[in-house]
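Chain and residue survey
Here is what each chain is made of, one letter per residue.
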Amino acid sequence: MNRHVVILGGGLTGLSSAFHLSRRFPEALITLVEKTSRFGGWISSERVQVHDGDGRTAEIVLESGPRTLRPNAKSVLELIHLLGLKNSVITTPITSSAAKNRYLQIPEMQGLITLPNSFTSIFSPPMRTLFLPHVLREPAKRRNRPDGISDETVDNFMTRRFGPTFARTFGSSLVHGIYAADSRELSVRAAFPSLWAMEDRGWGSVVRGALLPDRTDSREDYDVGDIPDMMKGVSVYSFMDGIGMLPGALATHLRNQSNVELLRDNPISSLRVADDGQLEVKLSSGRMINPTHIISALPLPVLHDLLHPTSSLPHLTASPASSVVVLNLIFPQTQPKLHPSGFGYLVPRPLSGYSPNNPGILGTVFDSCALSAQDSNAANFTKMTVMMGGPNPITPSHTEVDTVLKQLSVHLTAPDDYLKVLPEPIYTRTQRHDDCIPTPMPGHLRRMEELKTALAKGAWSGRLEVVGAGVRGVSLGDCVESGKRAGESWTC
Ligand SMILES: Cc1cc2nc3c(=O)[nH]c(=O)nc-3n(C[C@H](O)[C@H](O)[C@H](O)COP(=O)(O)OP(=O)(O)OC[C@H]3O[C@@H](n4cnc5c(N)ncnc54)[C@H](O)[C@@H]3O)c2cc1C
């Protein structure tokens, strides 16, 4: 029988799966089905034209989803090499202020504080009291992981090792920045497996473990050409027209493959193993596909809803997902500058907890600092992106630009070398993304193993694989990696 693989969902995971499967199985037919009119899922880059009151114009890239990649994700470097995207890459060097300076805005303190970026910086206030004692004391603390636990929340983990103040200040901020979630809900093993491994390696101490070499074997089967040389000394990177160039190049490549069929505007309406054992994918258009194999790159709850009750699978609705509001802002250039030089800042969980009365800002990216090469005449404008929501209840104030600007002014108020009151922005764009980032809760890895076992036997008998942000990591690198590994066990 000829192999026919149907890939469900045309986000980055689905596109990467199609790319690798079409290369691995050139004889197979690969059909990728996407609900909306565009590929890329949460990735959405747009170039807008802006004018200030003095006749200056610019063409500026706005991201409403992911904006930066890290060079350690070899699966993405491989795509850059194989898709010929090298000349479109723009990088932020580790020596730049955007890479070195990251800030926190602690709700109980005024203005921004600089996160430690050098050995000497940990001795300056307020890090001298907020950071240093907790980190210095940690190696001397006895091993305190309770016997028999195989996972816990990020907050529990950090509180155990570094104390509650450190866990709230640094742990919750980190989780806001990556997962837009509450660190008291997120699984440390699923979200930050390296922290858990450091504790093991360091005989109970994370700091000791961080100083010891990591001897875990990682796979090295990536065709990356000379891209790693280009990434030497790079902190983060993107592309000239934004992250959207990556799914764009994937879709263009796939369209040119004779064994690939790309379907857009085609919601899948159901999925099952029929009584005669055939796989059935039904599209809303009425078309029925009977593939030999299926890759689901859909959010897990979406897959759950599509599955016919006779073909159901465990744990697809076990993880909640965060919703965020993204506000893109462009200001005219000002003197003094609107913000200090750096990547941006994160806001930890307020001492009083999340409530509708809190402003709801999770963090703000100073886009003009990190990736200004994307924009023409960038020097004349200041671009920022504010992320709100997540564990903060999303209230109408999150979409009222004036209210957010007031809050932003408070965050950017001290020290005196930048503006106290923000000028009127010349461009704003607000987007709400519902259930956009999954929050794997403690026990997630075990649940995903159980899901894998259920898929390997019974009616599905290894013919359906479930990949994507809800399974093993939400970063773009994780998504491409899961696409690369999709269908690896299929031999015939
Ligand atoms: C605001 C935001 C900022 C982020 N920032 C970063 C960052 O800077 N760096 C980073 O590494 N990661 C970042 N991430 C995470 C990363 O963008 C996502 O984890 C990743 O894009 C998820 O890709 P995916 O393909 O697994 O899922 P999705 O993008 O959710 O793709 C799933 C696809 O399935 C389709 N679909 C749904 N239902 C159906 C149906 N019934 N039929 C057919 N198709 C369907 C959807 O339309 C979608 O295209 C960010 C995420 C968000 C939301």
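Keep in mind that what you see is a predicted model, and the values were worked out from it rather than measured.

**Let's talk about the state of the cysteines**
Following the criterion strictly, the structure yields zero disulfides and no others. Unpaired in this structure, Cys-436 has its nearest cysteine sulfur neighbour in Cys-479, at a distance of 12 Å.

**Regarding the site of the ligand**
Around the ligand, the structure places 30 residues, and the nearest of them are Thr-13, Glu-34, Ile-268, Val-474 and Leu-476. One nitrogen or oxygen atom from the main chain of Leu-12 is found 3.1 Å from an oxygen atom belonging to the ligand. Contact between the ligand and Glu-34: an oxygen atom at 2.7 Å from a side-chain N or O atom of the residue. When the residues that make up the shell around the ligand are grouped by side-chain class, the tally is 16 nonpolar, eleven polar and three charged.

**With respect to the sheet that holds strand E10 (residues 268-273)**
Taking strand neighbours across the sheet as the criterion, the three strands line up as E10-E11-E12 in an open arrangement whose pairing is antiparallel. Each end of this open sheet is capped by a strand with a single partner; those strands are E10 and strand E12 (288-289).

**Examining the packing of helix H1 (residues 12-24) against helix H12 (residues 245-255)**
Direction vectors running N to C along H1 and H12 enclose 40 degrees, while the axes themselves pass 10 Å from each other. Remark: the crossing between H1 and H12 carries left-handed chirality. Mapping the contact onto sequence places Leu-12, Leu-15, Ser-16, Ala-18, Phe-19 and Ser-22 in H1 and Leu-246, Pro-247, Leu-250, Ala-251, His-253 and Leu-254 in H12. Within the contact of H1 with H12, the residues separate by chemical class into nine nonpolar, three polar and no charged.

**Focus: helix H15 (residues 401-411)**
Within H15 the residues assigned to the buried category are Val-401, Val-404, Leu-405, Leu-408, Ser-409 and His-411. Looking down the long axis of H15, one finds its buried residues gathered within 155 degrees of arc, a one-sided arrangement. Exposed and facing more than 90 degrees away from the buried side of H15 are Asp-402 and Lys-406. Residues of H15 that are buried make contact with strand E14 (321-332), strand E15 (344-346), strand E16 (361-365), strand E17 (381-389) and strand E18 (427-438).

Rules behind the numbers
Along each chain, residue indices are assigned from 1 in the same order as the chain's sequence is written. Under the rules for a predicted model, residues below a pLDDT of 70 receive no local features and side-chain atom pairs below 80 are neither given nor counted, while totals for whole chains, interfaces and linings still include all residues. In computing side-chain properties, one takes all heavy atoms of the structure into account and sets aside hydrogens as well as water. Put simply, a disulfide is two cysteine sulfurs that come within 2.5 Å. Residues are labelled near a given molecule or strand when at least one of their non-hydrogen atoms is within 4 Å of it. We call two N or O atoms a polar contact when they sit within 3.5 Å, provided that within protein one can donate a hydrogen and the other can accept it, with sequence-adjacent residues counted only if both atoms are side-chain atoms. Put simply, Ala, Val, Leu, Ile, Met, Phe, Trp, Tyr, Cys and Pro go in the nonpolar bin, Asp, Glu, Lys and Arg in the charged bin, and everything else, Gly too, in the polar bin. Two strands qualify as a pair provided DSSP detects at least 2 bridges between them. Helix numbers and strand numbers start at the N terminus; a helix is a DSSP run of H or I with at least 4 residues, a strand a run of E with at least 2. To get an axis, a line is fitted to the C-alpha atoms, and for a helix only the part in contact is used. The angle between two axes follows their N-to-C directions and goes from 0 to 180 degrees. Note on convention: near helix rotated counterclockwise from far helix by under a right angle means a left-handed crossing. Clockwise means right-handed. By definition in these notes, contact holds between two residues if any of their heavy atoms fall within 4.5 Å. Classification of residues uses two cut-offs on accessible area relative to the type maximum, computed with a 1.4 Å probe and protein chains only: under 20% is buried, over 50% is exposed, and between them is partly exposed. When we speak of the arc, we mean the arc of directions from the helix axis to the C-beta atoms.

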